[in-house]
Amino acid sequence: MVQIANPIYDVVFKYLMNDEKLAKLLLSAIIGEEVVSLKLRPTEHQFPVGKALMVMRMDFSARIRYANGEEQLVILELQKAKLATDIMRFRRYLGEQYRNKNNVVQEPAEEYAQRKALPILSIYFLGHKLDHITAPVIRINRSYTDAATGEVLQGREIFIESLTHDSIIIQIPYLTGRRRNELEQLLSLFDQSFINEDRHLLNIEESEVPKRYRALLRRLQQAVAEPEVREIMDAEDDLIEEFEDYQRMIAEKERELFEKEQRISQKDHELSQKDHELSQKDQALSQKDQALSQKDHELSQKDKELQKKLEQLRRVAVTLTKAGQTREEVAAILGIELEELNDLLL
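Here's what I pulled together on the structure shown here.

## A look at the overall build of the protein chain
On a plain count of helices and strands, the protein chain comes out with 9 helices and 14 strands. Of the contacts made within the protein chain by residues no fewer than 6 positions apart, 62% connect residues no fewer than 24 positions apart. A total of about 22,400 Å² of accessible surface is found on the protein chain, and carbon and sulfur atoms cover 51% of it.

Have a look at this one:
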């Protein structure tokens, strides 16, 4: 059992990859083809955090030799992320690679040299899990297909190669217990289940690492003795802790905002219900007012009819009185009381 510096830390991973021979060894194993030569390219956008910590991104110009003997110059974009939120950073860096005018080569031609875009191969080391796929190593290899027949087309076109790229994704959390092939045995150097009490260190069983890759293990052992490496690992821990605190704070604020919006929505709903109830009450009162108005109109009509009848009785009573009838006789003829007749004749 040996102790190595934990390569999930950016500073340790960079320390490992700064050895060109070991970088070629690791990348050849991951790509599955021989990396003949490797040159670290200047990365324009590295973001300093504190005094020394860098966001992990490394770009290489690599010459790859395939099994058929063919060689190809490609851009290897190597990125490592601890957090799922880094996906937008990956997209931004890819955009930079496609825009970079230096990512071309001049190819001789009969009339004039042609500019050809270098193919891009992206390798991602993820410290988090994807949502659906549990394979530790995922290869995304493009193929050309006839849309009508489904036939896989042979050959490569510069146009297509310049606008698309292959990728390899390594999910570090799924490396635990996976030793199905030599690559997974090599990647056991990243297995976080081997963390001891100090999370900066991993306890590795040397016999589980294939012999031809044990130089990588030795390099990670050396990193343990580097004071600067240990110091920057501490800084990375502080940074991640602060970032996670910041994310928790944002999540809490978003939760509070959501709850406030829910309460406001509930109050709006209650007010809407009250408005509806008031509207119904107003409608009921309006109907009552209409009914009362109708009754007033009916009473007014009845009053007019009554006044008309009284006027007719009065005229008859006056006529009978003038004809010599006594008031008692007139009251008897009209079928009313004498007092009512007297009131009528006032």
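## Thoughts on the sheet that holds strand β6 (residues 71-81)
Judged by pairing direction, the sheet is mixed, and its 6 strands sit side by side in the order β2-β5-β6-β9-β13-β10 without closing on themselves. The open sheet is flanked by β2 (34-40) and β10 (137-140), the only strands paired with a single partner. In this sheet, adjacent strand axes meet at a mean angle of 20 degrees when their direction is disregarded. As defined by bridge partners, β6 adjoins strand β9 (residues 120-126) across 7 bridges and the pair is classed as parallel. Looking across to β9, one finds that Leu 76 is bridged to Leu 121. Strand contacts of helix α1 (residues 10-17): β5 (57-65), β6 and β9, with the helix running at about 155 degrees to β6, the strand carrying the most contacts. This element, helix α2 (residues 20-31), spans β2, β5, β6, β9, β10 and β13 (166-171) of the sheet and lies at about 130 degrees to β2.

## Focus: the packing of aromatic side chains
What the rule picks out here adds up to 3 aromatic pairs. An angle of 55 degrees between the planes, with centres 6.0 Å apart, marks the rings of Phe 13 and Phe 190 as tilted. Of this pair, Phe 13 sits in helix α1 while Phe 190 sits in the loop between α5 (182-186) and β14 (201-204), placing them 177 residues apart in sequence. One cation-aromatic arrangement involves Arg 219 over Tyr 15; the distance from NZ or CZ to the ring centre is 3.9 Å.

## Here we look at the pattern of salt bridges
Counting across every chain of the model gives 13 salt bridges. The partner of Glu 206 in a salt bridge is Arg 218, and the shortest N-O contact between them spans 2.3 Å. Taken as a pair, Glu 206 in the loop between β14 and α6 (214-224) and Arg 218 in helix α6 lie far apart in primary sequence, 12 residues in all.

## Here we look at the packing of helix α8 (residues 327-334) against helix α9 (residues 338-345)
Across the interface, α8 lies against α9 with an axial gap of 9 Å and an inter-helix angle of 100 degrees. With respect to α9, the element α8 is oriented roughly perpendicular. Contact residues: α8 offers Arg 327, Glu 328, Val 330, Ala 331 and Leu 334, while α9 offers Leu 338, Leu 341, Asn 342 and Leu 345. Broken down by class, the residue content of the contact of α8 with α9 amounts to 6 nonpolar, 1 polar and 2 charged.

## Here's the deal with α8
Looking only at α8, the buried set comprises Val 330, Ala 331 and Leu 334. Taken down its axis, α8 places every buried residue within 100 degrees of arc, on the same side. Turned more than 90 degrees away from the buried face of α8, the exposed residues are Glu 328, Ala 332 and Ile 333. After α8 finishes, the residue Gly 335 shows a positive phi value of roughly 75 degrees.

## What to know about the side chain of Arg 219
Mapped onto the fold, Arg 219 is located in helix α6. We note that Arg 219 is buried and unpaired, the nearest opposite charge coming from Asp 19 at a distance of 4.4 Å. Residues within four places of Arg 219 in sequence aside, it is in contact with Tyr 15, Leu 16, Asn 18, Asp 19 and Leu 22.

## A word on a positive patch on the surface
Residues Lys 253, Lys 260, Arg 263 and Lys 267 make up a contiguous surface patch of positive charge. Considering the arrangement of structural elements, one finds Arg 263 in helix α7 (residues 227-322). On the basis of relative accessible area, Arg 263 is assigned to the partly exposed category, the value being 46%.

## Regarding the environment of Arg 63
Mapped onto the elements of the fold, Arg 63 is located in strand β5. With 11 residues separating them in the primary sequence, Arg 63 and Val 74 have C-alpha atoms 6.3 Å apart. The contacts of Arg 63, once residues within four sequence positions are left out, are Glu 34, Val 35, Val 36, Ser 37, Glu 71, Gln 72 and Leu 73.

## Thoughts on a nonpolar patch on the surface
The grouping of Phe 159, Ile 160 and Leu 163 at the surface amounts to a nonpolar patch, some 320 Å² of accessible area in total. Taking the relative accessible area as the measure of exposure, Ile 160 reaches 31% and is therefore partly exposed.

## Things to note about the nonpolar core
Judged by nonpolar contacts, the single largest core of 51 residues is most densely connected at Leu 27, Leu 76, Phe 125 and Leu 189. Counting residues per element, this core draws most heavily on α2, at 7 residues. Discounting chain neighbours no more than four positions away, the residues touching Phe 125 are Phe 13, Ile 30, Leu 78, Gln 79, Lys 80, Ala 81, Ile 170, Ile 172, Leu 187 and Phe 190. Core analysis: the next-biggest nonpolar cluster, separate from the first, contains 6 residues, Ala 317, Val 330, Ala 331 and Leu 334 among them.

## Considerations on the environment of Glu 184
Here Glu 184 shows up in helix α5. Glu 184 sits 48 residues away from Pro 136 along the chain, and the two C-alpha atoms are 7.9 Å apart. Sequence-distant contacts of Glu 184, that is, excluding residues within four places in its chain, are made with Pro 136, Arg 178 and Arg 179.

About the thresholds
- Residues numbered from 1 in each chain as written.
- Predicted model: local features only at pLDDT ≥ 70, side-chain atom pairs only at ≥ 80, totals over all residues.
- Heavy atoms only, no water.
- Helix = DSSP H or I, 4+ residues; strand = E, 2+ residues; numbered from the N terminus.
- Contact = heavy atoms within 4.5 Å.
- Areas by Shrake-Rupley, 256 points an atom, 1.4 Å probe, with all protein chains shown as cover.
- Pairing = 2+ DSSP bridges.
- Axes fitted to C-alpha atoms, helices over the stretch in contact; angles between N-to-C directions.
- Phe/Tyr/Trp six-rings, centres within 6.5 Å; stacked < 30°, edge-to-face > 60°.
- Lys NZ or Arg CZ within 6 Å of the ring centre and 35° of its normal.
- Salt bridge = Lys/Arg side-chain N within 4 Å of Asp/Glu carboxyl O.
- Parallel < 35°, antiparallel > 145°, perpendicular 65-115°, else oblique.
- Nonpolar A, V, L, I, M, F, W, Y, C, P; charged D, E, K, R; others polar.
- Buried < 20%, exposed > 50% of the residue type's maximum accessible area, 1.4 Å probe, protein only.
- Arc of directions from axis to C-beta.
- Lys, Arg positive; Asp, Glu negative; His and termini not counted.
- Patch = residues over 30% accessible without salt bridge, like charges linked within 9 Å, V, L, I, M, F, W, Y side chains within 5 Å.
- Charge placed at Lys NZ, Arg CZ, Asp CG, Glu CD.
- Core = buried A, V, L, I, M, F, W, Y, C linked by side-chain atoms within 4.5 Å.

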